[in-house]
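Structure at a glance
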Amino acid sequence: MKELVNKLKGDRVIWSFVALLALFSFMPVFSASSNLAYIGHGTGNTLGYLVKHLAHICIGFLIIYWVHRVPYHYFRAISKIALPIVWFLLLYTLLKGTVIAGANASRWIQVPFIGITFQTSTLASIVLFIFVARYLSKTKEENEPFQVSLIQLWLPVFITLALILPANFSTTALIFAMVMMLTFIGKYPLKYIGFIVGSGVAMLAFFLLVAKAFPDSRFFSRVSTWESRITNFTTDKPDEDDYQIEKAKIAIASGRLGGLGPGKSVQKNFLPQSSSDFIYAIVVEEYGLVGGVSILILYLLLLFRFVIASHKATTLFGKLVVVGLGFPMIFQAMINMAVAVELLPVTGQTLPLISSGGSSIWMTCFSLGIIISVTKKEEEIAEEKEEKERRKEALQRLIDKELSEEDLPADEIYEEEGMMYSIEDNSRNPMNAVLNK
């Protein structure tokens, strides 16, 4: 075990927080999966879901380990190549996507011959953030005209968002907000950021107008759902989402300070998506306010560690990669918690590293692997610097020793290989009296 830990490079604090969140996730997932178990095979046995979640977490940590060993600057070139591939996958998802786990949106594709479902928007967000970080770091000192950045930066961004929007508005809004934050940190001109924000709002309005004109098209089938969620969030009109929020609030209120205890949740049997979108409500019901606040603090500490890692990075690309991959993870967690307490409309965002799911866990771990790779590089630089200092000190000691030996008097006795030598004859010679004269 000690040898395995020693092989883990990078920020050990990030490793620790990720491990804590992953370990904590087993009990809520094991408990909250009963609803899916009853729907799936009518027995309520959640052991299979626990084993499945264990497999997802183990694969996720293997992904972190493999990715963190890759130098992070390799992803700089990979992002440019991977972006067209991501566009193809997103388009395929729009045309041939599947619905899983009771969701009402086609956001997944099924991997042939394996049967694993994969949410393409999560991969698209990672590739896009790295692509934006690459562009901002490349053009830091070149000061390219705005017209050039429209083609090289914003056109790929809007193509990606346009392919995600029809099936997932909340993910599109989150990615767009994080890209704006990334460009602000990367010191992209503010007046151009304002123009891009205005253009994004205009494009969304145009999309909604086209959806109103063609309400029966499958590409605009989710627009009515978005409208109803926003309308019902601002009014008291009851619907399916209000049912979910009501059950989530009952679960949170039942938890009180210490919770009902692990596995003793009642609302997990009535709350749809209790093991994914609304798992935070189950956490608070079973572990109380103490458990809910503890999870919140863990995410905030992880955010703080991301800030430190970004500050320590020696390259602008490394700083932007940590911000672009780390901050969306934390904001997604905050959105999930806010939905559970009705601070935001229902969005469908999972709780990273805690909610059940395959692709969401794996893509989160992929992002963490890249972030740890950045911190590993800085750790290697620090180790090299320390090694250079040790070599410099050792060389200085050798030089000082040589200089001190050169300054010794001529009649000094030198020791070599255990034998004593002297330039004076100290023997008792009877002819000394004659020789001295």
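Heads up: these notes are all about the structure in this document. Not measured: the values here are computed from a predicted model. The residue numbering used here restarts from 1 in each chain and proceeds along that chain's sequence as written. Owing to the predicted nature of the model, reporting of local features is limited to residues with pLDDT of at least 70; listing and counting of side-chain atom pairs is limited to 80 or more, with chain, interface and lining totals taken over all residues. In computing side-chain properties, one takes all heavy atoms of the structure into account and sets aside hydrogens as well as water.

**Side note on the packing of aromatic side chains**
Heads up, the condition is: The aromatic pairing rule takes the rings of Phe, Tyr and Trp, using the six-membered ring of Trp, and pairs them if the centres are within 6.5 Å, calling planes under 30 degrees apart stacked, those over 60 edge-to-face and the rest tilted. Secondary structure counts use DSSP, requiring at least four H or I residues in a row for a helix and at least two E residues in a row for a strand, with both numbered from the N terminus. Accessible area is worked out with a 1.4 Å probe on protein chains only. A residue is then buried under 20% of its type maximum, exposed over 50%, and partly exposed in between. Definition used: whenever NZ (Lys) or CZ (Arg) falls within 6 Å of the ring centre and also within 35 degrees of the ring normal, the charge is taken to sit over that ring.
Enumeration over the complete set of coordinates arrives at nine aromatic pairs. With centroids separated by 5.3 Å and ring planes inclined at 55°, the aromatic side chains of phenylalanine 24 and tyrosine 287 adopt a geometry described as tilted. Separated by 263 residues along the polypeptide, phenylalanine 24 in helix α2 (residues 12-32) and tyrosine 287 in helix α12 (residues 279-312) bring together distant segments of the chain. With a relative accessible area of 24%, phenylalanine 24 lands in the partly exposed category. Seen from their ring centres, phenylalanine 75 and phenylalanine 366 are 6.1 Å apart, and the 90° between their planes marks the pair as edge-to-face. One end of the pair, phenylalanine 75, is in helix α5 (residues 74-96); the other, phenylalanine 366, is in helix α14 (residues 359-406), and 291 residues separate them in sequence. A relative accessible area of 22% places phenylalanine 366 in the partly exposed class. We note lysine 247 situated over the ring of phenylalanine 270; from NZ or CZ to the ring centre the distance is 5.3 Å.

**Quick word on helix α13 (residues 316-340)**
Put simply, the rule is: For a helix, the expected span equals 1.5 Å multiplied by the number of residues minus one.
For α13, which comprises 25 residues, the first-to-last C-alpha distance of 36 Å matches the rise-based estimate of 36 Å (1.5 Å per residue) to within 8%. Where burial is concerned, most of α13 is hidden: 20 out of the 25 residues are buried. Remark: glutamate 342 follows α13 within two positions and exhibits a positive phi of approximately 60°.

**Considering the pattern of salt bridges**
Just so we agree on the cut-off: By definition, a salt bridge exists where a carboxyl oxygen of Asp or Glu is found within 4 Å of a side-chain nitrogen of Lys or Arg.
One pass over the full model with this rule turns up two salt bridges. As a salt-bridge pair, arginine 305 and aspartate 11 come within 2.8 Å of each other at their nearest N and O atoms. Placement of the pair is arginine 305 in helix α12 and aspartate 11 in the loop between α1 (2-7) and α2, with a sequence separation of 294 residues. The same class applies to arginine 305 as to aspartate 11, namely buried. Close ionic contact of glutamate 342 with lysine 249 constitutes a salt bridge, the shortest N to O distance being 2.8 Å. Here glutamate 342 is found in the loop between α13 and α14, whereas its partner lysine 249 is found in helix α11 (residues 240-255), with 93 residues between them in sequence.

**Side note on the nonpolar core**
Our working rule: The criterion is simple. A nonpolar core is a set of buried Ala, Val, Leu, Ile, Met, Phe, Trp, Tyr and Cys residues joined through side-chain atoms within 4.5 Å. Residues count as neighbours in contact if any of their non-hydrogen atoms are within 4.5 Å of one another.
Among the nonpolar cores identified, the biggest contains 90 residues, and Trp154, Val179, Tyr299 and Phe306 are the most heavily contacted of them. It is α13 that provides the largest number of residues to this core, a total of 12 residues. Setting aside chain neighbours within four positions, we find valine 179 in contact with Leu128, Phe129, Val132, Trp154 and Val157.

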